[in-house]
Amino acid sequence: EAALVTFVTAGYPRPDDTVALLLALEAGGADVIELGVPFTDPQADGATIQATNQVALSYGVTMDDTLGFVREARAQGLTIPVVLMGYCNPFLQYGVGRLAAATADAGADGFIVVDLPPEEAAPGGSLSMDGSITGATGCGTPRPCSVRIWPRFSRHALTSLSWLCVVPARSRPP
């Protein structure tokens, strides 16, 4: 089934714009929103998303701010799924248990963790949510064992980077 999955970085172009952008994405037909968690080293993202991360970070946008944007958008009527897209480091620094509880409390639906090996998402792994949030997903460059492991730990969707490079900006599809 096709779905329109959109992306926006939390805090870009300004923190005060984020909630309105989330609501506008839903009003415009988005089925799912990937909300980027600002990070200093978004290794799998191209120059455009890297720049949005730097702008958000220049405003001091934090994980708590990102979760607050989701909470406020839900309070204003946002109904479509929101997944936090980011990298292991900020999630681990926040604390996995704290992150799972805060994410569920804010109304986010899951995660895309670009640099998360599937073994670490498994129950007992370093970023395992152990079933405490619905729809927890992740991705990482697949290895032969990963292709067999991921379906056991991603309940709703499976996303995987299939190359070792950044996502480039393009004027047309390859």
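Below: a short report on this structure. Everything numeric here is computed off the predicted structure, so don't read it as measured data.

Turning next to the overall build of the protein chain. Within the protein chain, the secondary structure is distributed over seven helices and four strands. The order of α-helices and β-strands along the protein chain, N terminus first, is β-α-β-α-α-β-α-α-β-α-α. Counting all 174 residues of the protein chain, 44% fall into the buried class. For the protein chain, long-range pairs separated by at least 24 residues make up 70% of all intrachain contacts whose partners lie at least 6 apart in sequence. Total accessible area on the protein chain is roughly 8800 Å²; 57% of this is exposed by carbon and sulfur atoms.

Looking now at the packing of aromatic side chains. This model, assessed by the stated rule, comprises two aromatic pairs. Ring centres of F91 and F111 lie 5.5 Å apart, and the angle between their planes is 70 degrees; on these two criteria the pair is classed as edge-to-face. Placement of F91 in helix α4 (residues 88-94) and of F111 in strand β4 (residues 110-113) is noted, with a sequence separation of 20 residues between them. Each member of the pair, F91 as well as F111, carries the same accessibility label: buried. Geometry around Y94 places R98 over its ring, the cationic atom sitting 3.8 Å from the centre.

What counts, and at which threshold
- Residues numbered from 1 in each chain as written.
- Predicted model: local features only at pLDDT ≥ 70, side-chain atom pairs only at ≥ 80, totals over all residues.
- Heavy atoms only, no water.
- Helix = DSSP H or I, 4+ residues; strand = E, 2+ residues; numbered from the N terminus.
- Buried < 20%, exposed > 50% of the residue type's maximum accessible area, 1.4 Å probe, protein only.
- Contact = heavy atoms within 4.5 Å.
- Areas by Shrake-Rupley, 256 points an atom, 1.4 Å probe, with all protein chains shown as cover.
- Phe/Tyr/Trp six-rings, centres within 6.5 Å; stacked < 30°, edge-to-face > 60°.
- Lys NZ or Arg CZ within 6 Å of the ring centre and 35° of its normal.

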